[in-house]
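A closer look at the structure
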Amino acid sequence: MHTATAFLLPSTWFVIFSIVSGFECPRGGYNNQTQFGPGCNYRCHCVADAQCDNDTGICQGGCGAGWMGPGCQYGDIAFKKRAWMSSNTGPDKVVDGDPSTCSQTDQIGEKWWRVDLNGLYRITGLIIFSDNPDALKGFKVRVGNVSSNSSADFPSTCFNDSSNANASEVITVLCTSELVGKHLMISIMDQQTKMKLCDVRVYGGRSIAYRRFTNQSSDQWDGVASRAVDGGTYTSYEYNTCTHTIEETSPRWMVDLAQVYYISRIEIFNRQDCCEERLAGFTISFATNGSFVMVYKHPHVMPAELTDVTNMSNDKARFIQIELTDTSKRTLSLCEVFIYGDCPDNLCGWSCEYPCYCAKPEDKINKIDGYCPTGCAENWTGSKCDCE
Ligand SMILES: [Ca+2]
């Protein structure tokens, strides 16, 4: 008995305490953000920064702009991207993160709405908000690689609503297979129907770096490594949310995600009050436990305020390092690093801590709860497909 008690981690006690007392996670991170979950180390993403459910992250008033999915923990890769529509009635209203603003096509010919994701993404699913679901009867979701108004340029089909079985004001669409592309189109052919869309959010992986353990090669001007995962995205150094090393050879910053994840996307916020050029040519390296392997090198030009890296040459990591590898002495400064990914195949949970064997593991978009939309793999049962 004594041994078992000794192995209970402090975070376990914390969870037990929360359940018994109805304890609500304190605000934390930069600017006292709302938090929840194991160890209160997850950030709520509710409309108006409302407090989410302490255990699940669910937001009563819905997910805030740019967020979606279980516990509002998944980033929306369509948010504020450039969009077009077959009748020009405000395609941007569909990617403004506000389900109360809608856009409708006219009734002639093929009706479509499309978005340029501005990068190559793996597309697994999306959520469509429409206040008139009948206006989506028979919709198709397709993915392509070129910017075009012709559905023929969207050769990969994510979903085909042939039966209109999904009629609802909020439709979760799971692609029949994982697709890779830069552009997404939603269209209907029914001549009698106008197409109306209020919001389209495309799954871009779950936010996994917030308040994780960080380290860097040196500190200067109080710019400690943890400032890059504190949730603060201000890009002026005076707001105390950017990191800063000394000027040195190969300055580097590292985060430990505490678990191996599939990594789909990394957003890096660069300093704007001065010195933007310092981040030019940065590299990203991944390690699962041993040595780092470089998966991305930024071209040697001044990075924008926000760099969205999606085309990495490897996809699994527990440790992620950002480094300036030139031979000259340089200073590394990062204002925030958002890392998006999900648990490896057949693992689910907040920390990927339990097995979940779905019929099609690549289709899984809710690895937090462990729900298998395609049913369980052979020989596995249970609501989470975790019983052999
Ligand atoms: Ca920050």
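Residues numbered from 1 in each chain as written. Predicted model: local features only at pLDDT ≥ 70, side-chain atom pairs only at ≥ 80, totals over all residues.

Per an unreviewed UniProt entry, the chain carries the name Fucolectin tachylectin-4 pentraxin-1 domain-containing protein and comes from Sinanodonta woodiana. Recorded in UniProt for the chain, the comment headed Sequence similarities (unreviewed entry) runs: "Belongs to the fucolectin family." The UniProt entry for the chain carries the following comment under Function (unreviewed entry): "Acts as a defensive agent. Recognizes blood group fucosylated oligosaccharides including A, B, H and Lewis B-type antigens. Does not recognize Lewis A antigen and has low affinity for monovalent haptens." (UniProt positions renumbered as here; feature names shortened; annotations may be inferred.)

Quick word on the overall build of the chain
Within the chain, the regular secondary structure consists of 2 helices and 23 strands. A compact globule built from 388 residues would reach a C-alpha radius of gyration of about 21 Å, and the chain, at 22 Å, matches this within 12%. Counting only C-alpha atoms, the chain reaches 65 × 60 × 40 Å along its principal axes. Across the 388 residues in the chain, those meeting the buried criterion constitute 39%. Put simply, 64% of the contacts in the chain that link residues at least 6 apart link residues at least 24 apart. (Helix = DSSP H or I, 4+ residues; strand = E, 2+ residues; numbered from the N terminus. Rg over C-alpha atoms; globule rule 2.2 N^0.38 Å. Buried ≥ 20, exposed ≤ 12 C-beta atoms within 10 Å, placed from the backbone. Contact = placed C-beta atoms within 7 Å.)

Quick word on the nonpolar core
The nonpolar side chains of a soluble globular protein tend to be buried, and buried together. Residues Val 200, Leu 334, Val 337 and Ile 339 are the most contacted members of the largest nonpolar core, which totals 90 residues. Looking at this core element by element, the count peaks at 10 residues for strand S7 (residues 111-129). Once residues within four sequence positions are removed from consideration, Leu 334 is found in contact with Ala 228, Cys 242, Thr 243, Trp 253, Ile 268 and Ile 322. (Core = buried A, V, L, I, M, F, W, Y, C linked by C-beta atoms within 7 Å.)

Side note on unusual backbone geometry
Both trends apply: most residues other than glycine have a negative phi, and most peptide bonds are in trans. The backbone of Cys 40 shows a phi angle near 55 degrees, a positive value even though the residue is not glycine. Within the secondary structure layout, Cys 40 lies in the loop between strand S1 (35-36) and strand S2 (42-43). Positive phi is not limited to glycine here, since Cys 385 has a value of about 55 degrees.

Side note on the domain arrangement of the chain
Domains assigned within the chain are domain 1 (21-62), domain 2 (82-204) and domain 3 (213-342). For domain 2 and domain 3, the distance between their C-alpha centres works out to 34 Å. With 5 residues of domain 2 at the interface, the matching set in domain 3 holds 6 residues. With 4 residues, S7 is the largest single contributor of residues to the side of domain 2 that touches domain 3. (Domains from an automatic or database assignment.)

Side note on the environment of Gly 341
Take Gly 341: it is sitting in strand S21 (residues 336-342). Linking Gly 341 and Arg 206, residues 135 residues apart in sequence, is a C-alpha distance of 5.2 Å. If we skip the residues at most four places from it in the chain, Gly 341 touches Gly 205, Arg 206, Ile 208, Tyr 261, Tyr 262, Ile 263 and Ser 264.

A word on the environment of Tyr 340
Here Tyr 340 lies in strand S21. Sequence separation of Tyr 340 and Gly 75 is 265 residues, and the distance between their C-alpha atoms is 7.4 Å. Apart from the residues within four sequence positions on either side, Tyr 340 is in contact with Gly 75, Gly 204, Gly 205, Arg 206, Ser 207, Ile 208, Ser 264 and Arg 265.

Quick look at the confidence of the model for the chain
A low pLDDT means the predicted coordinates there should not be read in detail. Summing up the model confidence of the chain, the mean pLDDT is 88 and the portion of residues at 70 or higher is 92%. Taken element by element, the predicted model of the chain shows its lowest mean pLDDT in helix H1 (residues 2-6) (36) and its highest in strand S13 (residues 213-216) (98). Every residue in residues 1-20 scores below 50 in pLDDT, and together they form 8 contacts with partners more than four places removed in sequence or on other chains. (pLDDT = per-residue confidence, 0-100.)

Brief notes about the pairing of strand S19 (residues 316-323)
Sheet topology note: the strand S15 (residues 252-269)/S19 ladder contains 7 bridges and is antiparallel. Bridging across to S19, Trp 253 finds its partner in Ile 322. Both strand S16 (residues 283-287) and S19 contribute to a ladder of 5 bridges, which runs antiparallel. The partner of Phe 286 across the bridge, within S19, is Ile 320. (Pairing = 2+ DSSP bridges.)

Regarding the environment of Phe 139
Along the chain, Phe 139 falls in the loop between S7 and strand S8 (140-144). For Phe 139, the residues in contact, after removing those within four places along its chain, are Asp 161, Ile 186, Ser 187 and Ile 188.

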